[in-house]
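Spelled out from the first residue to the last, the chains are:
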Amino acid sequence: MSALLFLLDTLFFFLVGAALLRTWMNTRRMRMVQQPGPFVMAVTNWIVQPLRKSLPRAWVQSKLDVASFIAASLLALAYSAAWHTLLGAGLIGPTGASPLFSVPFVALNFMLRTVLQGLMVLALVYVVLSWVQPQAPIQYTLGQLLQPLLGPIRRVLPTIGGVDLSVLLLIVLLQVALILIG
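Residues numbered from 1 in each chain as written. Predicted model: local features only at pLDDT ≥ 70, side-chain atom pairs only at ≥ 80, totals over all residues. Heavy atoms only, no water.

(A) Examining the packing of aromatic side chains more closely. For the structure shown, the criterion picks out three aromatic pairs. Relative to Phe110, the ring of Tyr79 lies with its centre 3.9 Å away and its plane at 20°, an arrangement referred to as stacked. On the criterion of sequence distance, the pair formed by Tyr79 in helix α4 (residues 66-86) and Phe110 in helix α5 (residues 99-132) is long-range, its members being 31 residues apart. Like Phe110, Tyr79 is buried. Of the aromatic side chains, those joined through ring pairs into one cluster are Phe12, Tyr79 and Phe110. (Phe/Tyr/Trp six-rings, centres within 6.5 Å; stacked < 30°, edge-to-face > 60°. Helix = DSSP H or I, 4+ residues; strand = E, 2+ residues; numbered from the N terminus. Buried < 20%, exposed > 50% of the residue type's maximum accessible area, 1.4 Å probe, protein only.)

Set out below in structure tokens:
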């Protein structure tokens, strides 16, 4: 059973994470021609494109990529429903609560964990690439994605001996947030 739950977590982390990354990239007005843009679009087009066609025009043209966010939310709800089904929750959730309340709660918790873990992965790739290949094309894209989080940290935390420790502090803060949400 735990192997099946692991596979479910991995599959939906991948799908929800891709939809959330698409939301974040579109909100930051990043071009989707350079990686991870084409990959994220290929993974999420099957659910985002039909949503875009069915949403009101104002939502589709808003600054926030509403269709991608709704796609991530629907995928998180699908994860939660599958999680409840695998645990044999039936009419009573695994925590004893009604699925009417526990399914959205598990979906929200999963989306939060996905955001935090996804940001951690982006930060780790960013820092490793800065050591190994600082001029890699994806390095600029990762910098743009992480800038809203690293900017405030860099204003508070000075570079020490020419080393920027803001990414390390971001990773520590993300890990603390993951511990707090369980």
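(B) Quick peek at helix α1 (residues 2-27). If you check α1, its first and last C-alpha atoms are 36 Å apart, about what 26 residues at 1.5 Å a residue would give, namely 38 Å. Arg29 sits one or two positions beyond α1 and adopts a positive phi of about 60°. (Expected span 1.5 Å × (residues − 1).)

(C) View of the pattern of salt bridges. This structure, assessed with the given rule, holds two salt bridges. Residues Arg52 and Asp65 are paired through a salt bridge, measuring 2.9 Å at the closest nitrogen-oxygen approach. On the criterion of sequence distance, the pair formed by Arg52 in helix α2 (residues 37-54) and Asp65 in the loop between α3 (57-60) and α4 is long-range, its members being 13 residues apart. Residue Arg52 is classed as partly exposed on the basis of its relative accessible area, which comes to 23%. Asp65 sits in the buried class, given a relative accessible area of 7%. (Salt bridge = Lys/Arg side-chain N within 4 Å of Asp/Glu carboxyl O.)

(D) Highlighting a nonpolar patch on the surface. Together, Leu168, Leu169, Val172, Leu173, Val176 and Leu180 make up a nonpolar patch on the protein surface, roughly 550 Å² of accessible area in all. You can see Leu173 is positioned in helix α7 (residues 166-181). A relative accessible area of 45% means that Leu173 is categorised as partly exposed. (Patch = residues over 30% accessible without salt bridge, like charges linked within 9 Å, V, L, I, M, F, W, Y side chains within 5 Å. Areas by Shrake-Rupley, 256 points an atom, 1.4 Å probe, with all protein chains shown as cover.)

(E) Representation of the packing of α1 against α2 in the model. Closest axis-to-axis distance for the α1/α2 pair is 9 Å, and the angle between their directions is 90°. The angle between α1 and α2 falls in the class roughly perpendicular. Judged by residue contacts, Phe14, Leu15, Ala18, Ala19, Leu21, Arg22, Met25 and Asn26 of α1 engage Gly37, Phe39, Val40, Met41, Val43, Thr44, Asn45, Val48, Gln49 and Arg52 from α2. Taken together, the residues of the contact of α1 with α2 break down into eleven nonpolar, five polar and two charged. (Axes fitted to C-alpha atoms, helices over the stretch in contact; angles between N-to-C directions. Parallel < 35°, antiparallel > 145°, perpendicular 65-115°, else oblique. Contact = heavy atoms within 4.5 Å. Nonpolar A, V, L, I, M, F, W, Y, C, P; charged D, E, K, R; others polar.)

(F) Looking closely at the environment of Val176. Here Val176 shows up in helix α7. With relative accessibility at 41%, the residue Val176 sits in the partly exposed group. With 96 residues separating them in the primary sequence, Val176 and Ser80 have C-alpha atoms 24 Å apart.

(G) Inspection of the packing of helix α6 (residues 137-156) against α7 at higher detail. Following both chains from N to C, one finds α6 and α7 inclined at 105°, their axes separated by 9 Å at the closest point. In this view, α6 runs roughly perpendicular relative to α7, as classed from their interaxial angle. Between α6, through Leu146, Leu149, Leu150, Ile153 and Arg154, and α7, the contact on the second element is made entirely by Ser166, Val167, Leu169, Leu170 and Leu173. By residue class, the composition of the contact of α6 with α7 is eight nonpolar, one polar and one charged.

(H) Structural detail: the side chain of Gln139. If you trace the backbone, Gln139 turns up in helix α6. On the basis of relative accessibility, which here comes to 9%, the residue Gln139 falls in the buried class. Not counting residues up to four positions away in its chain, the partners in contact with Gln139 are Tyr126, Leu129, Ser130 and Pro134.

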